[in-house]
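# Report on the structure
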Amino acid sequence: MKDLKYLAALTIPISAAISIYFKGYMSFFTPFYAFVIIPVLEVMLPHDASNLEVEEVEIKSKNKLFDWMLYLNIPIVFGFMLFTLWDITQQSYALYEFIGLVFSIGIVFGVNGINVAHELGHRQQTFERYLGKLLLLPSFYMHFYIEHNFGHHAHAATKEDPATAQYNQSVYSFWFTSTLRQYLNAWKIQHKLLKTENKNFFSLKNDMFFYTLIQLAYLVFVFIFFGPLGALFALAAGVVGFLLLETVNYIEHYGLRRFKLPSGRYERVRECHSWNSNHIIGRIVLYELTRHSDHHYKSSKKYQTLDYHDISPQMPYGYPTSMVLSFIPPLWFSIMNKRIPKEMRLTI
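Residues numbered from 1 in each chain as written. Predicted model: local features only at pLDDT ≥ 70, side-chain atom pairs only at ≥ 80, totals over all residues. Heavy atoms only, no water.

Okay, the packing of helix H5 (residues 73–90) against helix H10 (residues 207–253) next. For the pair H5 and H10, the least separation of the axes is 9 Å and the interaxial angle reads 60°. In terms of their interaxial angle, H5 and H10 are classed as oblique. The handedness of the crossing between H5 and H10 comes out as left-handed. Where H5 abuts H10, its residues Met81, Leu82, Thr84, Leu85, Trp86, Ile88 and Thr89 lie against Tyr218, Phe221, Val222, Phe226, Leu229, Gly230, Phe233 and Ala234. A breakdown of the residues in the contact of H5 with H10 according to their chemical character gives 12 nonpolar, 3 polar and no charged. (Axes fitted to C-alpha atoms, helices over the stretch in contact; angles between N-to-C directions. Helix = DSSP H or I, 4+ residues; strand = E, 2+ residues; numbered from the N terminus. Parallel < 35°, antiparallel > 145°, perpendicular 65-115°, else oblique. Left-handed = near helix turned anticlockwise from the far one by under 90°. Contact = heavy atoms within 4.5 Å. Nonpolar A, V, L, I, M, F, W, Y, C, P; charged D, E, K, R; others polar.)

Here is the structure:
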């Protein structure tokens, strides 16, 4: 039963169901749950810095229950997407209700879509990576698979990485720089991969080309079956979804940098190059994403076996709470900047 704790991630879509059902000001219940209730619970509940024993790691790595808890998010994400699109075309929504549902469904796209896609995108089995790419579709962020796996994990905590926030950079500035640079970087990486295999732009190996076609087809599908209002909703909720991801990206490596060696290469990624959090609620709702230091240290590890390392920089709060703090840059800087040693600060 203890292993089922990760089903707590489904409280996000449950909160979205409450938003859809009650409407009115309850349309904003999901952002209230994610950015008020969860942070309060994080502050109230204790940390858990314990790691699994070697025998437990072996058992949990092979337990398919943890995989199925991820797969369950696929029908949930697309079910919520289709039902909400249908619902807004059947009823007359006030503008504030429409906006509330955009945020509510967008948060589902971010937490149960992109976050799970990130985990599946690192798996060895091809079908799991395909499921991960599928979950990126509603947020129009399929290029994330290429940039994250071939770019971010190689360049994290360096100026070459679009997804690493620099010291004293606000989250709002980061949204623009990271979103644009990651997209352009994904095309550059794709070009290099094609060149390595002597393939041209229109090759079946050009994933970026097909991602673009698939995402355009998705929008056209929504427009045809749910009209302009449905297309606007899908687009807006998708933006909320990927901005949620970028906010997480912002706090994961904020201000940290890797040193260049005499050879001109960077030191290898270590546990000290990502922010860690042992706050229980954030850990289970985000499928252990908050143990990000170990994820970068050994990206092949499954979420249920990630460890805490003493040398990892620790966030004073959980990831959900830290995201809220990042929305107020002066407060974020006052709390986080003093936690970064001067020699470790990534500056322009």
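H10 packs onto helix H6 (residues 95–121) with a crossing angle of 50° between their chain directions and a minimal axis gap of 7 Å. As summarised for this structure, H6 and H10 are arranged oblique, according to the angle between their axes. Every pair of crossing elements has a handedness; the one defined by H6 and H10 is right-handed. Packed against H6, whose contacting residues are Phe98, Leu101, Val102, Phe103, Ile105, Gly106, Ile107, Phe109, Gly110, Val111 and Ile114, the element H10 presents Leu229, Leu232, Phe233, Ala236, Ala237, Gly238, Val240, Gly241, Phe242, Leu244 and Leu245 at the interface.

What follows is about the pattern of salt bridges. For the coordinates displayed, the defined rule picks out 13 salt bridges. In this structure, lysine 23 and aspartate 87 form a salt bridge, with 3.7 Å as the shortest nitrogen-oxygen distance. Remark: aspartate 87 occurs in helix H5 and lysine 23 occurs in the loop between helix H1 (11–22) and helix H2 (29–44); sequence separation between them is 64 residues. The exposure class of lysine 23 is buried, given its relative accessible area of 16%. Here the salt bridges do not stand alone but share partners, grouping Lys64, Asp67, Glu119, Arg123, Glu128 and Lys302 into one network. (Salt bridge = Lys/Arg side-chain N within 4 Å of Asp/Glu carboxyl O. Buried < 20%, exposed > 50% of the residue type's maximum accessible area, 1.4 Å probe, protein only.)

Looking at the largest pocket, its volume works out to about 500 Å³. In terms of lining, the largest pocket is formed by 20 residues, of which the most central are Tyr130, Lys133, Tyr145, Asp207 and Tyr211. Those elements that provide at least two residues to the lining of the largest pocket are helix H7 (126–136), helix H8 (144–155), helix H9 (171–196) and H10. Tallying contributions element by element places H7 first for the lining of the largest pocket, with 5 residues. Here the residues of the lining of the largest pocket sort into 12 nonpolar, 3 polar and 5 charged. (1 Å grid on protein atoms, 1.4 Å probe; cavity = no way out; pocket = protein on both sides within 12 Å on 5 of 7 lines; lining within 4 Å. Points joined across faces, edges and corners; volume = space filled by probe spheres on them.)

According to the stated counting rule, one finds 4 cavities of 30 Å³ or more in the structure shown. Lining the largest cavity are 23 residues, and of these Val111, Leu244, Val248, Leu286 and Met323 sit closest to its centre. Broken down by element, the residue count for the lining of the largest cavity peaks at 6 residues, all from H6. Broken down by class, the residue content of the lining of the largest cavity amounts to 16 nonpolar, 6 polar and 1 charged. Every residue lining the second largest cavity is listed: Asn115, His118, Glu119, Leu286, Tyr287, Glu288, Leu289, Arg291, His292, His295, Tyr303 and Leu306. Where the lining of the second largest cavity is concerned, the elements lending two or more residues are H6 and helix H12 (292–297). Here the lining of the second largest cavity takes 3 residues from H6, the largest share from any one element. Of the residues contributing to the lining of the second largest cavity, the split by class is 5 nonpolar, 4 polar and 3 charged.

A few words on the environment of glycine 24. Note on placement: glycine 24 falls in the loop between H1 and H2. For glycine 24, a relative accessible area of 16% gives the class buried. Ignoring anything within four residues of it in the chain, the contact list for glycine 24 reads Tyr96 and Glu97.

A word on the UniProt feature "domain: Fatty acid desaturase" (unreviewed entry) in the protein. Feature annotation in UniProt places "domain: Fatty acid desaturase" (unreviewed entry) on residues 101–319, given in this structure's numbering. With 59% helix and 0% strand, residues 101–319 has end C-alpha atoms that lie 23 Å from one another. (UniProt positions renumbered as here; feature names shortened; annotations may be inferred.)

Taking 1.5 Å per residue, 16 residues should reach 22 Å; H2 reaches 21 Å between its end C-alpha atoms and fits that length. Residues Phe29, Thr30, Pro31, Tyr33, Ala34, Ile38, Pro39 and Glu42 constitute the buried set of H2. (Expected span 1.5 Å × (residues − 1).)

All right, on to the packing of aromatic side chains then. If you walk through the whole model with that rule in mind, you get 28 aromatic pairs. Residues tyrosine 6 and tyrosine 303 carry aromatic rings whose centres are separated by 5.1 Å and whose planes lie at 85° to one another, so their mutual orientation is edge-to-face. Taken as a pair, tyrosine 6 in the segment before H1 and tyrosine 303 in the loop between H12 and helix H13 (319–326) lie far apart in primary sequence, 297 residues in all. Residue classification places tyrosine 303 among the buried residues on the basis of a relative accessible area of 0%. Arranged with centres 5.0 Å apart and planes meeting at 85°, the rings of tyrosine 21 and phenylalanine 22 form a pair that is edge-to-face. The exposure class of tyrosine 21 is exposed, given its relative accessible area of 65%. Between the NZ or CZ atom of lysine 133 and the centre of the ring of tyrosine 145, over which it lies, the distance is 4.5 Å. (Phe/Tyr/Trp six-rings, centres within 6.5 Å; stacked < 30°, edge-to-face > 60°. Lys NZ or Arg CZ within 6 Å of the ring centre and 35° of its normal.)

As a further point, take the UniProt feature "transmembrane region" (unreviewed entry) in the protein. Mapped onto the present numbering, the UniProt feature "transmembrane region" (unreviewed entry) falls on residues 65–86, 98–118 and 317–335. Structurally, residues 98–118 is divided into 100% helix and 0% strand, and its ends, taken at the C-alpha atoms, are 28 Å apart. Helix and strand shares over residues 317–335 are 79% and 0% respectively, and the end C-alpha atoms of the span are 10 Å apart.

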